[in-house]
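Structural description and commentary
Given next are the chains, with one letter for each unit.
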Amino acid sequence: MPGAVKAYVRYVEAVNRVVGRLAMYLIFVMIGILLYSSFSRTVYNVPIVWVMEMGQFLLAAYYLLGGAYAMQIDGHVRMDLLYGRLSPRKKAFTDTITAFFLIFYLVVLLMGGISSTEYALTYGQKNYTAWGPPLAPIKIIMTIGIGLMLLQAVAIFFRDLARVRGEELE
């Protein structure tokens, strides 16, 4: 594989490793917020309006920013009826073919995310709830997460292509 491809894979995987490991800690922030809400409601009898939405936003950021890292470590669930019986080289060949579908899907998703983010920024879109938070921050995170998954899908494609050719990318 050319040096540029190796550098691309190394750089994308390094970025996704850092972002994914940072995103893992969002679950603790979400737990803290939900515990605070429970404590506030139980002890002080004061319900907090923003807690459920903030929990949803943090969960969305958690799985969107962690998605590329999960792809990198092969942590997603896979239908393994025939795939598990293949040799590593045949698995890589199968993955190079299916990568085109994944990349197409992620490109369409990214285009929708960019469009939705532009709309939220242009019109100051807010959620229609009692708290009414602006939606631009979570849409920006969504777009970044999808973009990282797209970059990781391309990196995985290059890794699998190298494996089909009998090489390993370090």
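Scroll up a little and you will see the structure.
Rules used in this analysis
- Residues numbered from 1 in each chain as written.
- Predicted model: local features only at pLDDT ≥ 70, side-chain atom pairs only at ≥ 80, totals over all residues.
- Heavy atoms only, no water.
- Salt bridge = Lys/Arg side-chain N within 4 Å of Asp/Glu carboxyl O.
- Buried < 20%, exposed > 50% of the residue type's maximum accessible area, 1.4 Å probe, protein only.
- Helix = DSSP H or I, 4+ residues; strand = E, 2+ residues; numbered from the N terminus.
- Expected span 1.5 Å × (residues − 1).
- Contact = heavy atoms within 4.5 Å.
- Core = buried A, V, L, I, M, F, W, Y, C linked by side-chain atoms within 4.5 Å.
- 1 Å grid on protein atoms, 1.4 Å probe; cavity = no way out; pocket = protein on both sides within 12 Å on 5 of 7 lines; lining within 4 Å.
- Points joined across faces, edges and corners; volume = space filled by probe spheres on them.
- Axes fitted to C-alpha atoms, helices over the stretch in contact; angles between N-to-C directions.
- Parallel < 35°, antiparallel > 145°, perpendicular 65-115°, else oblique.
- Left-handed = near helix turned anticlockwise from the far one by under 90°.
- Nonpolar A, V, L, I, M, F, W, Y, C, P; charged D, E, K, R; others polar.

So, the pattern of salt bridges
Evaluation of the coordinates by the stated rule reveals four salt bridges. As a salt-bridge pair, Arg 163 and Glu 168 come within 3.1 Å of each other at their nearest N and O atoms. With a closest N to O distance of 3.7 Å, Glu 167 and Arg 165 form a salt bridge. On the accessibility criterion, Arg 165 (51% relative accessible area) is exposed. Through salt bridges with shared partners, a single network forms among Asp 160, Arg 163 and Glu 168.

Considering helix 4 (residues 88–123)
Between its first and last C-alpha atoms helix 4 spans 50 Å; for 36 residues at 1.5 Å apiece the expected length is 52 Å, and the two agree. Along helix 4, the residues that are buried comprise Ala 92, Asp 95, Thr 96, Ala 99, Ile 103, Leu 106, Leu 110, Gly 113, Thr 117 and Ala 120. For helix 4, the secondary structure elements touched by its buried residues are helix 5 (136–164). Taken from the residues just after helix 4, Gly 124 is the one with a positive phi, measuring 60 degrees.

Quick word on the nonpolar core
Counting 22 residues, the largest nonpolar core has Leu 58, Leu 106, Ile 138, Met 149, Leu 150 and Ala 153 as the members making the most contacts within it. Tallying contributions element by element places helix 3 (residues 51–72) first for this core, with eight residues. Setting aside residues no more than four positions away along its own chain, Met 149 makes contact with Leu 64, Gly 67, Ala 68, Met 71 and Leu 106. Core analysis: the second largest hydrophobic core is formed by seven residues, Met 1, Val 5, Val 12 and Ala 162 among them.

Observations concerning the layout of surface pockets
Its boundaries defined by the atoms lining it, the largest pocket holds a volume of some 750 Å³. Around the largest pocket sit 27 residues that line it, and Met 71, Asp 74, Arg 78, Asp 95 and Ile 156 are the ones nearest its centre. Residue assignment for the lining of the largest pocket shows that the elements contributing at least two residues are helix 3, helix 4 and helix 5. At ten residues, the largest contribution of residues to the lining of the largest pocket is made by helix 4.

Observations regarding the packing of helix 1 (residues 3–24) against helix 5
Interhelical geometry of helix 1 versus helix 5 gives an angle of 135 degrees and a closest axis separation of 9 Å. On the basis of the axis angle, helix 1 is oblique to helix 5. Relative to helix 5, helix 1 is oriented so that their crossing is left-handed. Two secondary-structure elements touch here, helix 1 through Val 5, Tyr 8, Val 9, Val 12, Glu 13, Val 15, Asn 16 and Val 19 and helix 5 through Leu 148, Leu 151, Gln 152, Val 154, Ala 155, Phe 158 and Arg 159. For the contact of helix 1 with helix 5, the residue count by class is eleven nonpolar, two polar and two charged.

Some words on helix 5
The terminal C-alpha atoms of helix 5 lie 42 Å apart, and with 29 residues this matches the ideal 42 Å at 1.5 Å per residue to within 8%. Just downstream of helix 5, Gly 166 is the residue with a positive phi angle, here 90 degrees.

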